[in-house]
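Chain residues, written in single-letter form:
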Amino acid sequence: MAALLFHDDLADFEDYFPSMINRLGTDGFISELCNGFQLLMDGEKGLITFESLKRNSLLLGLNDMMDDEIMCMLNEGDLDGDGALSQFEFCILMVRLSPGLMEGSPEWMIEDLYM
């Protein structure tokens, strides 16, 4: 997906989403995003909540995240104001946070819609 690479104490963001779309196609890419959502969600609520994100932050390699950072992540994608992320909100957030997808998103969406 996306990764942070550390070089001399500086973080560089590497965006894997565009290459994933090229390799998997749009349907495969969306399926992978949905799989990521399933890993992070609260099984009973069917949403990514503060608690589920905190509990599963180890899967993201974010074991030292502060509570306010977790809340910022949730707030960034929370479109309906319920304090949690639905699968739809999560997928939108992931696409929005990918510089490579935001630059080329109309092309890959249109290509797959009309192919």
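Just so you know, these numbers come straight off a predicted model, no measurement behind them. Every chain begins its residue count from 1, and numbering advances along the sequence as written. Local features in this predicted model are restricted to residues whose pLDDT is 70 or higher, and side-chain atom pairs enter the listing and the counts only when it is 80 or higher, whereas totals over whole chains, interfaces and linings include all residues. The basis for every side-chain value is the complete set of heavy atoms in the structure, and neither hydrogens nor water enter the calculation.

It is worth spelling out a nonpolar patch on the surface at this point. There is a patch of nonpolar side chains on the surface, built from Leu 39, Leu 59, Leu 60 and Met 73 and spanning about 380 Å² of accessible area. Labels follow the DSSP assignment, with helices taken as runs of H or I lasting at least four residues and strands as runs of E lasting at least two, numbered in each case from the N terminus. Relative to the helices and strands, Leu 60 resides in the loop between α2 (50-56) and α3 (67-77). Distance thresholds for patches are 9 Å for like charges and 5 Å for nonpolar side chains (Val, Leu, Ile, Met, Phe, Trp, Tyr), applied to residues having over 30% relative accessible area and no salt bridge. For the accessible areas, the method is Shrake-Rupley and the probe is 1.4 Å, while residue cover comes only from the protein chains on display. Salt bridge criterion: a side-chain nitrogen from Lys or Arg within 4 Å of a carboxyl oxygen from Asp or Glu.

This next bit is on the packing of α3 against helix α4 (residues 87-96). Note on definitions: angles span 0 to 180 degrees between N-to-C directions of axes, and those axes are lines fitted to C-alpha atoms, for helices only across the stretch in contact. Relative orientation of the contacting elements α3 and α4 amounts to 100°, with a least axis distance of 8 Å. Classified by the angle their axes make, α3 and α4 are roughly perpendicular. Each of Met 73, Glu 76 and Gly 77 in α3 lies in contact with α4, whose residues at this interface are Glu 89, Leu 93 and Arg 96. Residue polarity follows a fixed list, in which Ala, Val, Leu, Ile, Met, Phe, Trp, Tyr, Cys and Pro are nonpolar, Asp, Glu, Lys and Arg are charged, and the others, Gly among them, are polar. Split by residue class, the contact of α3 with α4 holds two nonpolar, one polar and three charged. For classification, angles of less than 35 degrees are called roughly parallel, those exceeding 145 degrees roughly antiparallel, those between 65 and 115 degrees roughly perpendicular, and all remaining angles oblique. Residue contacts are counted whenever heavy atoms from the two residues lie within 4.5 Å of one another.

What follows deals with the packing of aromatic side chains. Pairing of aromatic rings covers Phe, Tyr and Trp, the last counted by its six-membered ring, and requires centre-to-centre distances within 6.5 Å; plane angles under 30 degrees mean stacked, over 60 mean edge-to-face, and any other angle means tilted. The full count for this structure, using the stated rule, is one aromatic pair. On the numbers, 5.9 Å between centres and 50° between planes, the contact of Phe 37 with Phe 90 is tilted. Of this pair, Phe 37 sits in helix α1 (residues 17-40) while Phe 90 sits in helix α4, and the two are 53 residues apart along the sequence.

A word on the confidence of the model for the protein chain. Each residue carries a pLDDT score, the predictor's own confidence in it, on a scale running from 0 to 100. For the protein chain, per-residue confidence averages 78 on the pLDDT scale, and 73% of positions sit at 70 or higher. Across residues 1-13 the pLDDT falls below 50, and counting only partners more than four positions away or on other chains, this stretch makes 25 contacts in the model.

Ranked by size, the top nonpolar core spans 20 residues in total, and within it Phe 29, Leu 33, Ile 48 and Phe 90 carry the most contacts. Listing elements by their share of this core, those giving two or more residues are α1, α3 and α4. Excluding residues that lie within four positions of it along the chain, Phe 90 makes contacts with Leu 33, Gly 36, Phe 37, Leu 40, Ile 48 and Leu 85. By nonpolar core we mean a set of buried residues, namely Ala, Val, Leu, Ile, Met, Phe, Trp, Tyr and Cys, connected to one another through side-chain atoms within 4.5 Å. Between buried and exposed lies partly exposed: a residue is buried under 20% and exposed over 50% of the maximum accessible area for its type, with that area taken using a 1.4 Å probe on protein chains only.

Contact geometry for α1 and α4: axes closest at 9 Å, N-to-C directions at 140°. Taken together, α1 and α4 sit at an angle that is classed as oblique. The crossing of α1 and α4 is right-handed. Between α1, through Phe 17, Phe 29, Leu 33, Cys 34, Gly 36, Phe 37, Gln 38 and Leu 40, and α4, the contact on the second element is made entirely by Gln 87, Phe 90, Cys 91, Met 94 and Val 95. A per-class count over the contact of α1 with α4 returns 10 nonpolar, three polar and no charged. It is the rotation of the near helix from the far one that decides the hand of a crossing: anticlockwise by less than a right angle makes it left-handed, clockwise makes it right-handed.

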